[in-house]
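# A look at the structure
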Amino acid sequence: MVAVVNWLKDKKGSITVQSLLVISILVVILYMSFEIWKAISISQSVAAATHQAAKYIALNGLAWWTGGYRYPKEQVRDHVQKLIIEPELRSNRFIPEPLNLNVDLDARVNPEDYCEDSRFTITVRLTYQVSLPPPFGQAAGPSWSRRLTYTASDMLRCYAPNP
Amino acid sequence: MFRRFRALVKDRKGAYDLIQFALILPIFVTILYGSFELLKLVSIRQSLDAGTYQAARYLSVYHKSYYDSRYDRADIDDSLRAERLIWESLQANPFISRGMPIRIVVRYSNSNGQELSSPVDFNCRPAPIDGSINVLARSPDVIFTVHAQVMFPWTTSVLGLSMGNVTLASAHTTFVDCGPWYPPPTREPTELPGMGAGG
């Protein structure tokens, strides 16, 4: 308990030290709660972005890779990263700019049976800096690099004929 | 805690502990009440986010070019239905009362960031090249973002004080789902379909 009234009579300084300790612990707890909330929010955004990208690839992948357009895998990955993953992540204001993002796309198409044996995996890695509380008496603290990874796998879908 | 409270009651000599208690109590009450207000904001923000996600999903799947021809969707205002999903998600939040004057602004943008009046006017009819739609080339027409903003008066529930307006925002990016259109093989493929230069 921070003794407010006895502070003026505190000749030894023990209450001041005690108060400073308690206040600093409270501030650190408050700050870390905020950082945890931020981390949860960012991981939710990464998961949502990966799922949207996976759904987009699942529905259109066979057209890109076995149809008449024949897009390279890298081009599809860049397209999905620029148009789906990045806007989805940017809508979360906790994610700092510029985005430190890495997307991997792996697809295996069996030309003999592409409706049943065509799978892909998309992995999104987001790296961002978490500022740690500064040491006593300093204005800025060290930062900790945190990497979030989310992977989604699905099948490349064929057209389902109308019943 | 009880020991301190007993000491407080038995304190005959001075009013130190009592004054101390009286000074600390409002600080703790403020912290507690502030946490509750923060929880309220986080909860409403979460509802708005869930509603925006549902609206984006609805517009992605059930659009005018919905691939099941049994449903005629020509006369349905999809944007209005999507906005209603956001509204319903907010109304389901216990922190939002029925009479609260909430203002919701929903807008849509394409992948170039340009504003769209209706995000789902894309025609899903296949192009002649191989019976498919070149979705990759037509991304500004297919990919869209739903931005939702909710403004409400921030009134503290205990004291009834108005603290001004609060604005919360959420956005989700998705695409017009034209369905899994790629046909299954009708004959044995003679030429192996490649994965392109990167495959």
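Now for a look at the structure at hand. (Residues numbered from 1 in each chain as written. Chains lettered and ligands numbered in written order. Predicted model: local features only at pLDDT ≥ 70, side-chain atom pairs only at ≥ 80, totals over all residues.)

A few words on the nonpolar core. Counting residues in each nonpolar core, the largest one holds 52 residues, and the members touching the most others are Ala49(A), Ala53(A), Ile57(A), Val80(A) and Ile84(A). Looking at which element gives the most residues to this core, the answer is helix α1 (residues 14-66) of chain A, with 14 residues. (Core = buried A, V, L, I, M, F, W, Y, C linked by C-beta atoms within 7 Å. Buried ≥ 20, exposed ≤ 12 C-beta atoms within 10 Å, placed from the backbone. Helix = DSSP H or I, 4+ residues; strand = E, 2+ residues; numbered from the N terminus.)

With antiparallel pairing, four strands are arranged side by side in an open sheet as β2-β1-β3-β4 (chain B). Of all the strands in the sheet, the pair left with one neighbour each is β2 (115-116) and β4 (162-175) of chain B. In this sheet, strand β3 (residues 143-155) of chain B lies alongside strand β1 (residues 103-110) of chain B in antiparallel orientation, the contact comprising eight bridges. The partner of Arg103(B) across the bridge, within β3(B), is Met151(B). On top of the sheet, helix α2 (residues 73-90) of chain A reaches β3 and β4 of chain B; it is set at about 165° to β4(B), its chief contact. On the sheet, helix α3 (residues 78-91) of chain B packs against β1 and β3 of chain B and is oriented at approximately 140° with respect to β1(B). (Pairing = 2+ DSSP bridges. Contact = placed C-beta atoms within 7 Å. Axes fitted to C-alpha atoms, helices over the stretch in contact; angles between N-to-C directions.)

Another point: the sheet that holds strand β1 (residues 100-109) of chain A. All names here are of chain A. If you trace the three strands from one edge of the open sheet to the other, you get β1-β2-β3, paired in antiparallel fashion. Of all strands in the sheet, those with a lone pairing partner are β1 and β3 (143-155), marking the two edges. Strand after strand, the sheet turns through a mean of 10° between neighbouring axes, direction not considered. Each of β1, β2 (118-131) and β3 is contacted by α1, which is oriented at about 155° to β2, the strand it contacts most. Lying on the sheet, α2 is in contact with β1 and β2; it crosses β1 at an angle near 135°.

Before going further, it helps to spend a moment on α3(B). Since the α-helix advances by 3.6 residues per turn, residues separated by three or four positions end up pointing in the same direction. Residue and element names in this part refer to chain B. Taking 1.5 Å of rise per residue, the 14 residues of α3 would be expected to cover 20 Å, and the 20 Å separating its terminal C-alpha atoms lies within 8% of that figure. Of all the residues in α3, the buried ones are Ala82, Ile86, Ser89 and Leu90. Looking down the long axis of α3, one finds its buried residues gathered within 105° of arc, a one-sided arrangement. The outward face of α3, more than 90 degrees from its buried face, is lined by the exposed residues Leu80 and Glu88. (Expected span 1.5 Å × (residues − 1). Arc of directions from axis to C-beta.)

Here we take up the packing of α1(A) against α2(A). Residue and element names in this part refer to chain A. At a minimum axis separation of 9 Å, α1 and α2 run at an interaxial angle of 150°. Looking at the two axes, α1 sits roughly antiparallel to α2. As for how α1 packs across α2, the hand of that crossing is right-handed. From α1, Ser45, Val46, Ala48, Ala49, Gln52, Ala53, Tyr56, Ile57 and Trp64 reach across to α2, where they touch Val76, Val80, Ile84, Ile85, Glu88 and Leu89. Of the residues belonging to the contact of α1 with α2, the class tally is twelve nonpolar, two polar and one charged. (Parallel < 35°, antiparallel > 145°, perpendicular 65-115°, else oblique. Left-handed = near helix turned anticlockwise from the far one by under 90°. Nonpolar A, V, L, I, M, F, W, Y, C, P; charged D, E, K, R; others polar.)

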